Amino acid sequence: MVAFEAVTKTFGGNGKEPAFTALAGVDFVVPRGGISGIIGRSGAGKSTMIRLVNGLERPTSGKVVVDGVDVGALDEGGLRSLRRSVGMIFQHFNLLSSRTAYDNVALPLEISGISKDDIKRKVGPLLDLVGLGDKAKRYPAELSGGQKQRVGIARALATEPKLLLSDEATSALDPETTQSILELLKRINAELGLTVLLITHEMEVVKTIASQVAVIDKGLIVEQGSTFDIFTHPQHETTRSLLSSAVGVKLPHWVTSGLKSEPAAGDRILVRLVFFGDTAFQPLTARLVAEIGPDVNILAGTIEEIAGAPFGSLVVSYPATPDVLARAKRVYDETGLTTEVLGYVA
Ligand SMILES: Nc1ncnc2c1ncn2[C@@H]1O[C@H](COP(=O)(O)OP(=O)(O)OP(=O)(O)O)[C@@H](O)[C@H]1O
């Protein structure tokens, strides 16, 4: 649906200031009908990517292709029709405060020259779809953040786009409202078959709804793939650091403060066990205890859902003696459990 082909984008460079490279050669494909995420820190180049998709910027080199069309080569008329087929939602909703929810949703249809009757036929069902059928006459000031974003979503859908771009759409919302907006986006994606491309700095957002993700750092995609793979096997340092607060268990300070990289006699080993796929459904802790004996401590654990699949992580400790270590290894080898040695404690 969208393809970035060796895209670079530099800003400035024609006056006294040197040119700034916002995108340094990006290759990225957004499959049709899916939900894809681009995640990165502030200034990484996320918004620039979105602005290249809807033609607000042109690439310095390379191509951005949307639904078979080279966006950089479009004239004004071409850009207008592109923008009708690409909906957009924003962090701060961008609603007109002088217009009711109904009139905000109607705006893109008015601009397209659609008759009042046809607008009426469209706006009502759109407000129903986003759960605001009873708020048509409310002004933005009378709506909560989540409700405003629902109006934003209905407005973005008014021109029946094939692609929905979401620029930090949940960043200004509390966690509960964020979840409800993400659920709505998921439903729209499934019911309308709309392709969704979202940019965010929040791993939670990607984890909840995106089936594939690209991690951008200083204008380069450093890692991309299925959300589950990226979350469970992050390769790049930026991904690991973005993930650290979103996935897996946090060890208590009293554990981390005493952690050593080499064992001394009598120490215990701390191991993170990661469960996913087939291993998520096996009674592995019982097996571990049966094999090692009762001296297995569970220090922390969680099971969460990543892109719809279960992912568990459990931190255990047991004596770091050769005999126990060999028995534990046998369990891991036989079950295919993924493990990571975190260190040793006295
Ligand atoms: N029009 C512009 N002129 C000059 N520099 C720009 C322009 N637009 C973006 N940049 C620079 O390009 C870099 C990438 O910006 P971009 O807005 O794409 O980042 P981002 O990942 O979306 O960050 P944020 O999450 O903070 O919005 C930043 O350093 C920014 O200052």
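Residues numbered from 1 in each chain as written. Predicted model: local features only at pLDDT ≥ 70, side-chain atom pairs only at ≥ 80, totals over all residues.

Going by the annotation in an unreviewed UniProt entry, the name recorded for the protein is Methionine ABC transporter ATP-binding protein, with Agrobacterium cavarae given as the source organism. Under the UniProt heading Sequence similarities (unreviewed entry), the note attached to the protein is "Belongs to the ABC transporter superfamily." (UniProt positions renumbered as here; feature names shortened; annotations may be inferred.)

Asks: An account of the environment of Gly13 is requested, with residue identities and associated values reported.
Replies: With respect to the helices and strands, the residue Gly13 is situated in the loop between strand E1 (2–11) and strand E2 (20–30). Classification of Gly13 as exposed rests on a count of 11 C-beta atoms within 10 Å. Setting aside its immediate chain neighbours within four residues, Gly13 contacts Pro18 and Ala19. (Helix = DSSP H or I, 4+ residues; strand = E, 2+ residues; numbered from the N terminus. Buried ≥ 20, exposed ≤ 12 C-beta atoms within 10 Å, placed from the backbone. Contact = placed C-beta atoms within 7 Å.)

Asks: Got a sec to walk through the domain arrangement of the protein? Specific residues and values, please.
Replies: Each assigned domain of the protein is listed with its residue range as follows: domain 1 (2–243) and domain 2 (253–345). The gap between the C-alpha centroids of domain 1 and domain 2 is 40 Å. With 7 residues of domain 1 in contact, the opposing surface of domain 2 contributes 6 residues. No other element matches helix H8 (residues 227–232), which puts 4 residues into the side of domain 1 that touches domain 2. (Domains from an automatic or database assignment.)

Asks: Requested: an account of the UniProt feature "domain: ABC transporter" (unreviewed entry) in the protein, with residues and values cited.
Replies: Summarizing the sequence annotation, UniProt attributes the feature "domain: ABC transporter" (unreviewed entry) to residues 2–243 in the numbering used throughout. Annotated as residues 2–243, this span is 38% helix and 26% strand, and its ends, taken at the C-alpha atoms, are 26 Å apart.

Asks: For the nonpolar core, give the residues involved together with the corresponding values.
Replies: Side chains of nonpolar character tend, in soluble globular proteins, to be buried together. Judged by nonpolar contacts, the single largest core of 83 residues is most densely connected at Val53, Val105, Leu127 and Ala154. Mapping this core onto the domain boundaries places at least three of its residues in each of domain 1 (2–243) and domain 2 (253–345). With residues near it in sequence (within four places) discarded, Val53 still touches Val2, Val64, Val66, Val71, Val86, Leu165 and Leu197. (Core = buried A, V, L, I, M, F, W, Y, C linked by C-beta atoms within 7 Å.)

Asks: Give me the site of the ligand: which residues, what numbers.
Replies: Taken together, the neighbourhood of the ligand is formed by 13 residues, with Phe11, Ala22, Ser42, Ser47 and Thr48 sitting nearest. Element by element, the count of residues in the shell around the ligand is highest for helix H1 (residues 46–53), at 3 residues. Split by residue class, the shell around the ligand holds 4 nonpolar, 8 polar and 1 charged. (Near = placed C-beta within 6 Å. Nonpolar A, V, L, I, M, F, W, Y, C, P; charged D, E, K, R; others polar.)

Asks: Tell me about unusual backbone geometry, and name the residues and values.
Replies: In this model, Glu168 sits at a positive phi of 55°, which is unusual for a non-glycine residue. Looking at the element boundaries, Glu168 is found in the loop between strand E7 (163–167) and helix H6 (175–192). Given 19 C-beta atoms within 10 Å, Glu168 falls into the partly exposed group. In this structure, Ala307 takes a positive phi of about 45° despite not being glycine. Tracing the backbone shows Ala307 in the loop between strand E12 (297–306) and strand E13 (309–319).

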